[in-house]
There are 4 protein chains.
Amino acid sequence: MHIGLVGLGKMGGNMRERLRRGGVEVTGYDPNPAVTDVPDLTALMAAVPAPRLIWIMVPSGAVTDKVVTDLLEVMDEGDLLIDGGNSRFVDDARHAEQAAAKGVRYADCGVSGGIWGLDNGYGLMAGGEKADIEFAAPVFDALRPEGPRAEGFVHAGPIGAGHYAKMVHNGIEYAQMQALAEGYELLAARSDLIHDVTGVFEAWQRGTVVRSWLLDLLVKALKEDPGLDDIEGFVEDSGEGRWTVQEALDHAVPMPAISASIFARFVSRQEDSPSMKAVAALRKQFGGHAVRSA
Amino acid sequence: MHIGLVGLGKMGGNMRERLRRGGVEVTGYDPNPAVTDVPDLTALMAAVPAPRLIWIMVPSGAVTDKVVTDLLEVMDEGDLLIDGGNSRFVDDARHAEQAAAKGVRYADCGVSGGIWGLDNGYGLMAGGEKADIEFAAPVFDALRPEGPRAEGFVHAGPIGAGHYAKMVHNGIEYAQMQALAEGYELLAARSDLIHDVTGVFEAWQRGTVVRSWLLDLLVKALKEDPGLDDIEGFVEDSGEGRWTVQEALDHAVPMPAISASIFARFVSRQEDSPSMKAVAALRKQFGGHAVRSA
Amino acid sequence: MHIGLVGLGKMGGNMRERLRRGGVEVTGYDPNPAVTDVPDLTALMAAVPAPRLIWIMVPSGAVTDKVVTDLLEVMDEGDLLIDGGNSRFVDDARHAEQAAAKGVRYADCGVSGGIWGLDNGYGLMAGGEKADIEFAAPVFDALRPEGPRAEGFVHAGPIGAGHYAKMVHNGIEYAQMQALAEGYELLAARSDLIHDVTGVFEAWQRGTVVRSWLLDLLVKALKEDPGLDDIEGFVEDSGEGRWTVQEALDHAVPMPAISASIFARFVSRQEDSPSMKAVAALRKQFGGHAVRSA
Amino acid sequence: MHIGLVGLGKMGGNMRERLRRGGVEVTGYDPNPAVTDVPDLTALMAAVPAPRLIWIMVPSGAVTDKVVTDLLEVMDEGDLLIDGGNSRFVDDARHAEQAAAKGVRYADCGVSGGIWGLDNGYGLMAGGEKADIEFAAPVFDALRPEGPRAEGFVHAGPIGAGHYAKMVHNGIEYAQMQALAEGYELLAARSDLIHDVTGVFEAWQRGTVVRSWLLDLLVKALKEDPGLDDIEGFVEDSGEGRWTVQEALDHAVPMPAISASIFARFVSRQEDSPSMKAVAALRKQFGGHAVRSA
């Protein structure tokens, strides 16, 4: 199989490499001349045999919107476009409609695994028509981890279902990280009793209920920098967590732990907290409690 | 009636004044010679007619423990000791037992109202024997706001019940403050749309569902300092909120809003967040996401 | 002044009455013949002198959309349309644009006060052009509580700001209710110690930090039904709380207490909890813990 | 090595088996004659060579207190007592003091792994004196999973540190379960889009960021009962989660996700929610909103 891959950044570049290792021919396009295989999308179309499979791996939102529009200018009827980026699932309906207007097929795929995916394989969640998903099967099989297909790939449902599943995956991920982080903070606060915080996490890697990949990574981080002295507690979020909670609100699903994880990140990025200013102001008003001047 | 009052700080001093305004004779003792009426506890005993009512208004914990012990050295059988400070309710059982060993009666009273209590009156929650509470009625009536007794005073139950009710009062207070603070932060974040944040809070003071004393105080604070620029978002907590949640945990009572309010205060006092360091470290490990160096 | 009022339900009907008491002439329209003043919108237009002020008080969403569209069919250039319902603030931009296309002016107004507004007056938060808000001033003054205008009315900002402020008001309201409710549950759980739960809340009505209108209402409810035995713990939500949190997520504002309040309502409406089924299933898997069969 | 093991229930019984498989001689005592190796503690002492290692594996709290007391009646100076149950870490100081009074050494060990530990090995967290931990090394090595010792065992600190680490482990575990459960509930709520919820979880088992042992168990549970129709959403908690949050409160550590997980369990066990009754009562009071009769 020979596909086109648009977007050769941290994720896309590694995916090209893993696909090639897996026997899939890949022609990649990226505006960065240092990494691209072809000079432009027209050249990409010329290089990939029809009916083409073109996989997009670019930032979600405006960039993906533009790339979808540009690609649909040059793709042909019967081609299949797959958005493998972190798009919000509601964007898929729009993109699929745009594609359909040109006779181009559309599918979406959530991709998990980060920088480790190149060697470990990526967890894949696809959404779309059965025939389209089957057409792309060799790509999924090359990207996913070795082992039973069902443990690293799912055709979750119709168009949008792949990104939806990835969104929920990331929401869960946020809360799993928060869980470990809260435990870490408590253990670190009791250094009078817990003399080996890193050792405790390390010992949890096997046999325990909490064993998990994120735990393994935390052990790795703590071994590199016990005390995490070199890292500031400033945490970005890339959108999926918020979308997860917004979906939960739309569907009346209680989501206290995942939302708490996102709010903690919001706070971590604030110089000072407007809400805590308000609480301090209130305490001063009613109790004459001292406040710190900003 | 003539009582003894031990502790003439911010709260105790105002309470002496309000009691006197209300016709209760008060002899106050405080280690601070500038405010005390008598030089020591022995002089206090001499000044107050038996059976004495001695009201303690000192910081909870070790200080209250010491004052109770010292007082029981000099009080006589049949006297009544009332702890009006912010003691944890579990301390009352202990203090009552100490008192009983000397034949001294014991009651507890939660007091709310802060610096405004002098003029507005204090909300009072008492715990103890019916006869003891009745004996102290003139004191309660002088301290509580004018109007129907039931709207500013309750005999909540046996010894400890007064402090318990006050503890829960403060837990509720924390979440009410947090509620206003979260709303403030969102309104302030949308200054593009909300051109008059202070005006919005001011307009809520009458007619709305959220009207409340804390709202009135927030309006006062915002008028003094719109934007709360002079106040740092650093918020202490004095224990009652934590105790409330610990009680909730002991009795399997879900308490998500009150606990969230306390955790927000904890975060407000951290230079950097160990848990957010851990999350940042994890994101760096799996995604190669940039972190800020501490 | 003579205005048209569309929607004479629980809120609209009371508002007509209060406006009339306040000297504003009102012609009301409602599809319900038992309450309407005129048979249809055309008759409404005929009854109200131009330039007209037409106030909408109907359910938000599809109903408001339809009423706006229907009214714009019959209103004239220079008329002013005010949506006083609980519309989501994003709808205002759309409605204002529709109105502008017909030369009709548009403003929005959040209204708080529930069934008590008739006698107490309503808290009002308006959004729109200065000239339009001034034009409607007699209406605002009749609806708002007596006393200083600024304590019951605000012109919060441009179109949408009124509904935005009302949305945040309701978010705060949710958390204030949750705060009281959590305190209630803990006090009720300790009936061994707190012998008079209703009395405790009653005593908080004056002098304390938590005194508030919602507290007064809780006292009223507890006096009618101590133990709340006749009421099921099943709580609807009307949208504003969810929108508040969704806005918070969009603007990276931490909102743990308000979101907790909404999630608690979601749970209250579930027959059984899918997430707790999952947790029970997990405990069974790893620990052989007994589960209850559904 | 030859040790005594007191308590041969679900955990203790499996541990005896794993120890024997690992070459450690075990004499077990349990009041249940069907499983015990000796008729009483005196016989246990007679069977185990001195200096003895006696490992307790019984329910925490009163039962452990009693077993410790009974054992110290029969143990000899120089023997080592290890509490491997789920005791609260504060109990260890008390038990160690009791032991010291008899010249008996004391250590504590948190044990994780549930019913899978027999075959997979148990994650172990020990607290105590270095010499005592070394004396017990053959037991730890037989119980822990095969592989590097540090990945399944830690000497976390002085007496109490083992149970402390286990307590935090369980707190993290609660939030990890809650994370998966919230994601499950949202996916299940969107069955219109997600046609294969079980498949999604299954696909996350490899390559993804959320891969973990608990995820594997959820897949197992969903395969046995998709929809979890046979399981009620009723979840017990065994104490460690509450203790974790109580410790967090004592040390000002924010813990929003773990506390949310515990509160969700509390709610899951309520027939009706007192706090939601209060909220419903409030909505009825101010808005005339319909309530459901209980």
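Quick caveat: nothing in here was measured; it's all calculated off a predicted structure.

Student: What should I look at first to understand the pattern of salt bridges in this one?
Tutor: Working definition: two side chains of opposite charge can pair if their charged atoms are close together. A full pass over the atoms with the stated rule returns 84 salt bridges over all chains. Of the charged contacts in the structure, one is a salt bridge between lysine 102 of chain D and glutamate 73 of chain D, with a shortest N-O distance of 3.9 Å. With lysine 102 of chain D in the loop between α4 (89-101) and β5 (105-112) and glutamate 73 of chain D in helix α3 (residues 62-74), this pair connects stretches of sequence that are 29 residues apart. Owing to a relative accessible area of 57%, glutamate 73 of chain D belongs among the exposed residues under this scheme. What emerges from the salt-bridge pattern is a single network uniting Arg16, Arg20 and Asp37 of chain A.

Student: It is not clear to me how the pairing of strand β5 (residues 105-112) of chain C should be interpreted in this structure. Could you clarify?
Tutor: It is a general feature of regular strands that their side chains alternate between the two faces of the sheet. Residues and elements named next belong to chain C. Across the eight residues that make up β5, a large majority, seven, are buried. As paired elements, strand β4 (residues 80-83) and β5 share four bridges and run parallel to each other. The residue bridging isoleucine 82 from the neighbouring strand is alanine 107, located in β5. Considered for its hand, the β-α-β crossover made up of β4, helix α4 (residues 89-101) and β5 is right-handed.

Student: I'm lost on the domain arrangement of chain A in this one. Help?
Tutor: For an interface, size is often stated in terms of accessible area lost upon the parts coming together. Residues and elements named next belong to chain A. Assigned domains within chain A: domain 1 (2-157) and domain 2 (167-269). Between domain 1 and domain 2, the contact holds eight residues from the first and nine residues from the second. Counting each side, the surface lost to burial between domain 1 and domain 2 is near 740 Å², with a carbon and sulfur contribution of 62%. Ranking the residues of domain 1 by area buried against domain 2 places Arg88, Phe89 and Trp116 at the top, with a combined share of 61%. Inspection of the region where domain 1 meets domain 2 yields zero salt bridges. Here the residues of the side of domain 1 that touches domain 2 are counted per class, giving two nonpolar, five polar and one charged.

Student: Before we go on, may I ask you to explain the interface of chain C and chain B in this structure?
Tutor: With 76 residues of chain C at the contact, the number on the chain B side is 76 residues. The contact between chain C and chain B buries some 6,100 Å² in all, and 68% of this surface belongs to carbon and sulfur atoms. The largest contributions to the chain C side of the interface with chain B come from Leu186, Arg206 and Val209 of chain C, which together make up 12% of the buried area. Among the ionic pairs, glutamate 247 of chain C bridges to arginine 190 of chain B, the shortest N-O distance being 2.9 Å.

Student: What exactly am I supposed to notice about the interface of chain D and chain A here?
Tutor: Listed per partner, the contact involves 76 residues of chain D and 76 residues of chain A. Between chain D and chain A, the buried area comes to about 6,100 Å², and carbon and sulfur atoms account for 68% of it. It is Leu186, Arg206 and Val209 of chain D in chain D that bury the most area against chain A; as a group they hold 12% of the surface buried on that side. On inspection of chain D and its partner chain A, the count reaches two salt bridges. Along the contact surface separating chain D from chain A lie 24 residue pairs in polar contact (both at pLDDT 80 or more). Looking at the side of chain D that touches chain A, the elements that each hand over two or more residues are β6 (123-127), β7 (153-157), α8 (161-189), α9 (197-203), α10 (213-224), α11 (240-250) and α12 (256-268) of chain D. Of all the elements, α8 of chain D adds the most residues to the side of chain D that touches chain A, at 19 residues. Residues belonging to the side of chain D that touches chain A are distributed by class as follows: 42 nonpolar, 22 polar and 12 charged.

Student: Can you walk me through the packing of aromatic side chains in this structure?
Tutor: The description of an aromatic ring pair uses the distance of the two centres, along with the angle that the planes make with each other. Tallying each qualifying case throughout the model produces 28 aromatic pairs over all chains. Note on phenylalanine 89 of chain C and tyrosine 164 of chain C: the rings are 4.7 Å apart at their centroids and 80° apart in plane angle, and the pair reads as edge-to-face. With phenylalanine 89 of chain C in helix α4 and tyrosine 164 of chain C in helix α8 (residues 161-189), this pair connects stretches of sequence that are 75 residues apart. Residue phenylalanine 89 of chain C shares its accessibility class with tyrosine 164 of chain C, and that shared class is buried. Between the aromatic rings of tyrosine 184 of chain C and phenylalanine 201 of chain C, the centroid separation amounts to 6.3 Å while the plane-to-plane angle is 45°, which identifies the pairing as tilted. A residue pair is termed long-range when its members are at least 10 positions apart, and tyrosine 184 of chain C in helix α8 and phenylalanine 201 of chain C in helix α9 (residues 197-203) qualify at 17 residues. Judged by its relative accessible area of 5%, tyrosine 184 of chain C falls in the buried class. Here a set of aromatic residues connected by ring pairs shows up, and it is made of Trp55, Phe140 and Phe153 of chain A. In this arrangement the basic side chain of arginine 105 of chain D is found over the ring face of phenylalanine 135 of chain D, its NZ or CZ atom lying 4.9 Å from the centre.

Definitions and cut-offs
- Residues numbered from 1 in each chain as written.
- Chains lettered and ligands numbered in written order.
- Predicted model: local features only at pLDDT ≥ 70, side-chain atom pairs only at ≥ 80, totals over all residues.
- Heavy atoms only, no water.
- Salt bridge = Lys/Arg side-chain N within 4 Å of Asp/Glu carboxyl O.
- Helix = DSSP H or I, 4+ residues; strand = E, 2+ residues; numbered from the N terminus.
- Buried < 20%, exposed > 50% of the residue type's maximum accessible area, 1.4 Å probe, protein only.
- Pairing = 2+ DSSP bridges.
- Right-handed = clockwise from strand over helix to strand, strands pointing away.
- Domains from an automatic or database assignment.
- Contact = heavy atoms within 4.5 Å.
- Buried area = accessible area lost by both parts, 1.4 Å probe.
- Nonpolar A, V, L, I, M, F, W, Y, C, P; charged D, E, K, R; others polar.
- Polar contact = N/O pair within 3.5 Å; in protein donor to acceptor, adjacent residues only side chain to side chain.
- Phe/Tyr/Trp six-rings, centres within 6.5 Å; stacked < 30°, edge-to-face > 60°.
- Lys NZ or Arg CZ within 6 Å of the ring centre and 35° of its normal.

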